[in-house]
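# Report on the structure
The primary structure of each chain is shown beneath.
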Amino acid sequence: MNYGKRGIVAQARALNSGTDKWGKKISLFGLYAALSLMIGTVIIGSSAGLGVFNGIRDTSPDITNISVTPKGFSTFVYDTDGNQIAKLVSTDSNRIPVTWDMIPENLANAFVAIEDNRFYEHNGIDIQGIIRAGVEGIKSGGDFSQGASTITQQLIKNNVFSGWTNEATMQKIKRKIQEQYLAVQLEKTMSKQEILLNYLNTINLGSNTLGVQAASLRYFNKSCSELTLSESACIAAITQNPSRYNPITHPEKNAERRKKVLNDMCKYGFITEVERDSALEDDVYSRIQNVNQETGGDSTVNSYFVDALTNDVLDDLIAAGYNETQAYTLLYSGGLKIYSTQDSKIQAICDEVYQNEENYPAGTKWLLSYELSVQSPDGTVTNHSTEMYQSYYKERIKGFNLLYSSEEAAQEAIDAYKADVMGEGDTVLGEKITLTPQPQVSITVEDHSTGYVVAMVGGRGQKTASRTLNRATDAYRQPGSTFKVLSTYAPGIDSAGLTLATVFNDAPFAYDNGTLVKNWWGSEYRGLNTVRTAIRDSMNVIAVEAFTLITPQLGYDYLKNFGFTTITDGVVINGKVYSDIQQSTALGGLTFGVKNIELNAAYAAIANGGVYIEPKLYTKIVDHDGNVIIDNTEPKSKRVLKETTAFLLTSAMSDVVTSGTGGSVNFGTTAIAGKTGTTTNYVDVWFAGYTNYYTATTWTGYDNNAHMSDPAEKNLSKTMWRKVMSKIHEDLPYSGFSVPSGIVTATVCSRSGKAPIEGLCNGTLMSEYFEEGTVPTESCDVHYAGTMCAIDGRPATEFCPFKTAGVFELTPEVPAALQSGFVNYTPTNSAYTTVTDENGNEVRVLNTCHHTGEFMTQEGIDAIIAAEQAQAIAAAQAAQAAAQAANPEAPAPEQPATDSVVNEVPADVSAGN
Ligand SMILES: [Zn+2]
Ligand SMILES: [Zn+2]
């Protein structure tokens, strides 16, 4: 038999190309497609020739060209320059073919019963099953893709590849018929036993195993020839969906399916009811070993980039129509060429920086992950997990969190644990000790003009296996303040009327639940500040105010557009509903957190002038025969911000680097914009930033969420960002951020963010960028010249007895949406109220003091005024005493002069809102 791969591909293509004609004919039948499928099946089954199906037979391949035995062609990965960066090693070490005499009858029968109970009767296709599936399909309204795939068909499907991707419904039906045709042909050249054996040797059985022998060794640590009925059923249960029915990760799902396997075996006469019942009683899951036996052979460890690429390719192949087994087999032994987006020069810079332990703070801790499988003399297997180990030590060491100060200390503790938990005659079946240095790190570097991820690092320390935890692509971490720009200021400026000059009041402000929003620097409040300053200094209170004003829903919508897949608009966890459409999202307090690669892609959208591009790790995949099977070249892009908004954010985030919280990243050879991010207790620290060339995001934190306290740990994200990006930009010329059309500059009053009033705002003028048409026209509502009431701190009425004349700063009106959040808010303590006049226009009315004409003419006014005066004096004295108590050296505050009718009333009695 010719098992040549070339032959397979050739014949598969011949099938595809030769089917256009009959494909069109079938489509003429329109709604009767299903019927055609059934009829077609019957016809092929009986080898009769008829009309539309002649095409298939005429172009039918020589069946001797079909190979169902995988050949193990290696897949190669290339960088952007075409250099090979990885060879995806065929998982031959995990595929251990066995001969028929090693397959227990029950094992073979378990697969037959659950996958294809008429296997020994049909000729490759199961006509009875197809007719039933066809009828079901018609009933269900047209889903014919499911049902009645025989073991022979599955064998072909899993091992013969063609351009069976991105199929429309008609193509799916065509493919189904092709599959059926090939199945019938294969049955003519191979015995049932050969077909079943090939199937059992190649089927994907989860946990990186192909074939029953690899699975048997992996799960039960013995050859498949020794599998019991109960264990055989457990393995056969995995087949339909190796992730979902994995007996280690989803034992409860596997158990349901295993029950069905055993019931079906009984139903079809493979086993007796007694055998079934006794198998069902067996607690097979307690024997499954969680720990991988060390396997020999080629154990190439792939990089984090290649790991992430591998996951993407598998996902994309499955999305394109391959099943899990096909995708897996194709990737590891299909001889693919994958053209990645990695820039090897930049990856080398990242590796050099991140692999150099000297770049990390002293006092590295080691986080232990521990698994142990122990067998007692009576055969019982006990699995010890990291959680069991941790609770064992928690009982002995208060606050034990799996962190050790050295690898030796960890090993000592492990030895003590084993000595305690293992009994006489126990043997270790498997043990897995993983010590990961902490704090951990990640970085993603993207060319934001193309969406190419050019480099990534998913952790520090020696990488001992492929597809380990990748902190750049898999870990969900809280983004902290890096989110303020994305959740709040981007949508605010883009579509909710904010400008960089908009002023908010940094004052006691509470979330809807009453909890005060805290600034990172402590309890002090900084009063009126612009959005630009709030971004530069990463002000929390103002971010929450702005987010509340623009509405959490708008912020959430923008975040979705920025490509975050881990945010949620409602999820039930332990009976409680969580949603990210709420105020703490402003500061990056999320239900689940974000992935580094997605946070980086969102910043890349700002760097790219407001156009988001889905980040990608490869551009195309070519099969062993040179056909492009996935073309990922075209960027998946969309505009998420106006170009002007992107520029304004960039301008503000340049301040972060030149004079704000991110100063230490500034390597000086090109313009940089970015944002720091720190979560409570320094659990996560980020820097997301960009130049005109690249966007990079760095993260630092402990895998177990321990708090960082060492300043070097807290600064590590910024330190690493600078180290990597300065090297990347070494030979690149300086490039400043250019101002796009649609941006104007204007002078405003920095206290109000509004049009300055000549003579009043002269000391606080500032120049700011605005999107054309958004320059404020309203005049300053902070600066005020006139008389103030010393009792109220508001502009005085003409009747006020406590007037002080001069130039004052007023607290601007609080927008209605924020009033309930301001802890000290009363309707009159802001200087203005907006009312609608008789013409329907909104007008700003000055809130004057309470000494109205009516107030001043009431009965007993002299006593009232005297009392107010006494109260004011008492308050002033108390304040003075408090100030002196706090700082005895300080001189008593000067009493300002007053022109009020009553002397000696300090003007500042009610100052400060
Ligand atoms: Zn002003
Ligand atoms: Zn007054």
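This report concerns the structure included in the present document.

### Digging into the overall build of the protein
Secondary structure assignment for the protein yields 29 helices and 26 strands. Every one of the 913 residues in the protein was classed for burial, and the buried ones make up 52%. In the protein, the share of contacts with a sequence separation of at least 24, taken over all contacts with a separation of at least 6, comes to 70%. Carbon and sulfur atoms form 50% of the exposed surface of the protein, whose accessible area is close to 39200 Å².

### Here's the deal with helix H14 (residues 304-319)
Between its terminal C-alpha atoms H14 stretches 22 Å, which fits the 22 Å expected from 16 residues at 1.5 Å a residue. Of the residues making up H14, those classed as buried are Tyr304, Phe305, Val306, Asp307, Ala308, Leu309, Thr310, Val313, Leu314 and Leu317. Directly beyond the C-terminal end of H14, a positive phi value near 120° is found at Gly321.

### Digging into the pairing of strand S8 (residues 440-447)
The buried count for S8 comes to 8 of 8 residues, which makes it a mostly enclosed element. Alternating positions in S8 separate into two faces, Gln440, Ser442, Thr444 and Glu446 on one and Val441, Ile443, Val445 and Asp447 on the other, with burial throughout. With 7 bridges joining them, S8 and strand S20 (residues 695-701) adopt antiparallel strand pairing. Paired with Glu446 across the two strands is Thr695, which belongs to S20. Two elements, S8 and strand S9 (residues 452-457), share 5 bridges in a ladder whose sense is antiparallel.

### Some details on the coordination of the zinc ion (ligand 2)
With distances of 2.0 to 2.3 Å, the protein atoms coordinating the zinc ion (ligand 2) are Cys789 (SG), Cys800 (SG), Cys849 (SG) and His851 (ND1). Given 4 donor atoms and angles of 102 to 119° at the metal, the environment of the zinc ion (ligand 2) is assigned as tetrahedral.

### Points about the environment of Pro711
Residue placement: Pro711 occurs in helix H25 (residues 711-714). Pro711 sits in the exposed class, given a relative accessible area of 55%. Along the primary structure Pro711 and Pro361 are separated by 350 residues, whereas in three dimensions their C-alpha atoms are 8.9 Å apart.

### A short note on the packing of helix H17 (residues 386-394) against helix H18 (residues 407-421)
Remark: H17 packs on H18, axes separated minimally by 12 Å, with the N-to-C direction vectors making an angle of 90°. By the angle between their directions, the pair H17 and H18 is classed as roughly perpendicular. Taking contact as the criterion, the partners of Met388, Tyr389, Tyr392 and Tyr393 in H17 are, on H18, Ala410, Ala413, Ile414, Ala416, Tyr417, Asp420 and Val421. Of the residues belonging to the contact of H17 with H18, the class tally is 10 nonpolar, no polar and 1 charged.

### Some thoughts on the sheet that holds S8
With antiparallel pairing, the 5 strands of this open sheet are ordered in space as S9-S8-S20-S19-S18. Both edges of this open sheet fall to S9 and strand S18 (673-678), since each of them pairs with a single strand only. Strand-to-strand twist in this sheet, taken as the mean axis angle between neighbours without regard to direction, amounts to 10°. Packed onto the sheet, helix H16 (residues 344-355) meets S8, S9 and S20 and runs at close to 20° relative to S9.

### Quick look at the pattern of salt bridges
All told, the structure shown has 28 salt bridges when counted by the stated rule. The salt bridge involving Lys418 is made with Glu431; its shortest N-O contact spans 3.0 Å. Taken together, the residues span a long stretch of sequence, with Lys418 in helix H18 and Glu431 in strand S7 (residues 427-438) at a distance of 13 residues. For Glu431, a relative accessible area of 27% corresponds to the partly exposed category. Residue Arg477 pairs with Asp684 through a salt bridge whose shortest N-O separation is 2.6 Å. Of this pair, Arg477 sits in the loop between S9 and helix H19 (482-495) while Asp684 sits in strand S19 (residues 684-690), and the two are 207 residues apart along the sequence. One connected set of salt bridges, linked through shared partners, spans Lys222, Glu231, Asp282 and Arg287.

### Description of the nonpolar core
Grouped together as the largest cluster of nonpolar side chains are 62 residues, with contacts concentrated most on Leu486, Phe562, Phe564 and Ile606. Of all elements in the fold, only H19, helix H20 (531-536), helix H21 (540-550), helix H22 (552-561), helix H23 (596-607), helix H24 (643-659) and S19 reach the threshold of two or more residues within this core. Filtering out sequence-adjacent residues up to four positions away, Leu486 remains in contact with Pro491, Tyr558, Leu559, Phe562, Phe564, Leu599, Ala602, Tyr603 and Ile606. The next biggest cluster of nonpolar side chains, apart from the first, holds 50 residues, and it includes Ile195, Leu205, Val284 and Ile288.

### Observations regarding the sheet that holds strand S15 (residues 618-622)
Across the sheet, which stays open at both edges, the 5 strands sit in the order S2-S1-S3-S15-S16 with mixed pairing between neighbours. Single-partner strands in this sheet number two, and they are strand S2 (84-88) and strand S16 (628-631). In this sheet, adjacent strand axes meet at a mean angle of 15° when their direction is disregarded. When strand S1 (residues 75-78) meets S2, the two strands line up antiparallel, connected through 4 bridges. Residue pairing across strands places Phe76 opposite Lys87, the latter belonging to S2. In the packing of H14 onto the sheet, the strands contacted are S1, S2, strand S3 (337-340), S15 and S16, and the crossing angle to S15 comes to about 60°.

### Some details on the coordination of the zinc ion (ligand 1)
Within the protein, the zinc ion (ligand 1) binds to Cys749 (SG), Cys761 (SG), Cys780 (SG) and His783 (ND1); these donor distances fall in the range 2.1 to 2.3 Å. If you look at the zinc ion (ligand 1), its 4 donor atoms make angles of 101 to 118° with each other, and the shape they trace is tetrahedral. Donor residues binding the zinc ion (ligand 1) come from one chain and are separated in sequence as C-x11-C-x18-C-x2-H. For Cys780, a relative accessible area of 2% translates into the label buried.

### Considering the packing of aromatic side chains
Counted by the stated rule, this structure contains 20 aromatic pairs. Here Tyr328 and Tyr332 contribute two aromatic rings whose centre-to-centre distance is 5.1 Å and whose plane-to-plane angle is 50°, an arrangement assigned as tilted. Taken as a pair, Tyr328 and Tyr332 lie in helix H15 (residues 324-333) at a separation of 4 residues, close to a single helical turn. An identical accessibility class is assigned to Tyr328 and Tyr332; each is buried. Sitting above the plane of the Tyr245 ring, Arg257 keeps its charged end 5.6 Å from the centroid.

### Comments concerning the pairing of S20
For S20, the buried fraction is high: 7 of the 7 residues fall into the buried class. Alternating residues of S20 divide into Thr695, Thr697, Trp699 and Gly701 and Ala696, Thr698 and Thr700, and every residue in both groups is buried. Pairing geometry for S19 and S20, over 7 bridges, is antiparallel. Looking at S20, one finds that Ala688 is bridged to Thr697. In this structure, the hairpin formed by S19 and S20 is closed by a connection of 4 residues.

Cut-offs used in this document
- Residues numbered from 1 in each chain as written.
- Chains lettered and ligands numbered in written order.
- Predicted model: local features only at pLDDT ≥ 70, side-chain atom pairs only at ≥ 80, totals over all residues.
- Heavy atoms only, no water.
- Helix = DSSP H or I, 4+ residues; strand = E, 2+ residues; numbered from the N terminus.
- Buried < 20%, exposed > 50% of the residue type's maximum accessible area, 1.4 Å probe, protein only.
- Contact = heavy atoms within 4.5 Å.
- Areas by Shrake-Rupley, 256 points an atom, 1.4 Å probe, with all protein chains shown as cover.
- Expected span 1.5 Å × (residues − 1).
- Pairing = 2+ DSSP bridges.
- Donors = N, O, S within 2.8 Å, 3.2 Å for Na, K, Ca; no water.
- Tetrahedral: all angles 85-135°; square planar, octahedral: opposite > 155°, others 65-115°.
- Axes fitted to C-alpha atoms, helices over the stretch in contact; angles between N-to-C directions.
- Parallel < 35°, antiparallel > 145°, perpendicular 65-115°, else oblique.
- Nonpolar A, V, L, I, M, F, W, Y, C, P; charged D, E, K, R; others polar.
- Salt bridge = Lys/Arg side-chain N within 4 Å of Asp/Glu carboxyl O.
- Core = buried A, V, L, I, M, F, W, Y, C linked by side-chain atoms within 4.5 Å.
- Phe/Tyr/Trp six-rings, centres within 6.5 Å; stacked < 30°, edge-to-face > 60°.
- Lys NZ or Arg CZ within 6 Å of the ring centre and 35° of its normal.

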